[in-house]
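For reference, the chains in residue letters:
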Amino acid sequence: MIKLIKIDEDSRVPKYKQIVDSILQNIANGNLKINQKIPSINSFSEEFYMSRDTVEKAYNILKERKIISSIRGKGYYITRTKLESKVNVLFLFNKLSAYKMKTYSSFINTLGANAHTDLHIYHCDETLFLNLLDKFEGAYDYYVITTHFKTDELKHLSFTDEVAKAIQRIPEEKLVLMDNIKLSLEGEIIKIYQDFENDIYNALKEGLEKISKYKKLILVYPDKAVYPYPRRILHGFRKFCVEHEINFEILSEVYDDMILKKGDLFITIEESDLVNLMKQIRDEEFVLGKDIGVISYNDTPLKELLGITVMSTDFNIMGETAARMILNKEKGQFKVPFNFIDRNSI
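Residues numbered from 1 in each chain as written. Predicted model: local features only at pLDDT ≥ 70, side-chain atom pairs only at ≥ 80, totals over all residues. Heavy atoms only, no water.

Looking only at helices and strands, the chain features 12 helices and 17 strands. Taking the principal axes of the C-alpha coordinates as reference, the chain spans close to 80 × 40 × 35 Å. Expressed as a percentage of the 346 residues in the chain, the buried residues total 49%. Sequence-distant contacts in the chain: of pairs separated by 6 or more residues, those separated by 24 or more amount to 69%. Of the accessible surface of the chain, which amounts to about 17100 Å², a share of 48% is contributed by carbon and sulfur atoms. Of the side-chain charges in the chain, 49 are positive and 51 negative, and the distance between the mean point of each set is 5 Å. (Helix = DSSP H or I, 4+ residues; strand = E, 2+ residues; numbered from the N terminus. Buried < 20%, exposed > 50% of the residue type's maximum accessible area, 1.4 Å probe, protein only. Contact = heavy atoms within 4.5 Å. Areas by Shrake-Rupley, 256 points an atom, 1.4 Å probe, with all protein chains shown as cover. Lys, Arg positive; Asp, Glu negative; His and termini not counted. Charge placed at Lys NZ, Arg CZ, Asp CG, Glu CD.)

In structure tokens, the structure reads:
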């Protein structure tokens, strides 16, 4: 089998990428069959005079794509020979949540059966993000990336210098920046984004008639969240309150012994804060939507079921648009709609 592999020493294509491409080409040509054994990493390394790390990187990519698998003590084998996927996509999310998964589901449903998408979560961690990009460099047709990171103090960070350098190594025709495009990149790339500051500002303006009936507007912005939120949300909130002369307060959480007063209108971001607030409103026998109002950030099916007013990006459109632009080979940027959805809680 080793004789089937072609490595061009003069090529500028990285060696690990040549290994991956050569094995895939031999599968497509019928030279490699399912369950066929392939050389060990050490054998491959010695045959082509290349580092063991290079071969291991190629094999790891093939394992991630489920083309090969390893059996302890026996070696590596071909496990998939049907390479029908026309588009291979790496999807990097900063966290798992109901609304993030709504975006992902609409994305893969729109792409359809002729595409393969691998989802990885980097938990707002710069090191994990950089390791994933390094591991999968050159392995996919498209890289769909959200950029939300955290500092040691759990503050939100759109990107770091190292993140920017890593993303810039991705060919622009393969890059899709999603959700947060604070990172400014030149070139013909796909950008599907939220405008966090203006989104909340405009949504609150849309609900101004009802909001103005309350005595105080309270934003619960978690400044020590495990997955921190963009501070541009704060900027848009303050801008709205100042311009419309609304009495406001910003809290970091809903406290267990919160002092609630008639005429308060709360905006919650974290699910845990919403649950805690709703419990206290019920326990103190306030009337939701009359005595105390509640608006939640980012819609979910449960909030719709409970009749909670929300301000939310249309996450279905976010995923659908990214997939459509990939399928149609479109470039450019698209601002995702952000809506004020009036229900029974104000």
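There is more to say, and it comes next.
Okay, unusual backbone geometry next. For His123, which is not glycine, the phi torsion reads 55° and is therefore positive. Tracing the chain through its elements places His123 in the loop between strand E5 (115–121) and helix H5 (126–135). Despite not being glycine, Glu245 shows a phi value in the positive range, around 50°. With respect to the secondary-structure elements, Glu245 resides in the loop between helix H9 (232–243) and strand E12 (248–251).

Glancing now at the sheet that holds E5. Taken in spatial order, the 6 strands make up an open sheet running E5-E4-E6-E9-E10-E16, and their pairing is parallel. The open sheet has two free edges, formed respectively by E5 and strand E16 (332–335), since each of these has just one partner strand. Averaged over all neighbouring strand pairs, the angle between strand axes comes to 15°, with direction disregarded. Bridge count for strand E10 (residues 190–193) against E16 is 4 bridges, and the pairing is parallel. Of the residues in E16, the one forming a bridge with Ile190 is Gly332. Of the strands in this sheet, strand E4 (87–93), E5 and strand E6 (142–146) are in contact with H5, which crosses E6 at around 175°. (Pairing = 2+ DSSP bridges. Axes fitted to C-alpha atoms, helices over the stretch in contact; angles between N-to-C directions.)

What follows concerns the domain arrangement of the chain. Segmenting the chain into domains produces domain 1 (2–83), domain 2 (85–194 + 315–337) and domain 3 (197–312). Relative placement of domain 1 and domain 3: their C-alpha centres are 54 Å apart. (Domains from an automatic or database assignment.)

Taken together, the side chains of Leu302, Leu305 and Leu306 make up a nonpolar region of the molecular surface, amounting to roughly 350 Å² of accessible area. Note that Leu305 resides in helix H11 (residues 301–306). (Patch = residues over 30% accessible without salt bridge, like charges linked within 9 Å, V, L, I, M, F, W, Y side chains within 5 Å. Salt bridge = Lys/Arg side-chain N within 4 Å of Asp/Glu carboxyl O.)

Note that strand E1 (residues 37–38) and strand E3 (residues 75–78) share 2 bridges and pair antiparallel. What sits directly across from Ile38, in E3, is Tyr76. In this structure, strand E2 (residues 68–71) lies alongside E3, joined through 4 bridges in antiparallel fashion. Note on E3: the bridge partner recorded for Ile68 is Ile78. Hairpin connection from E2 to E3: 3 residues lie between these consecutive antiparallel strands, with Gly73 at a positive phi of about 85°.

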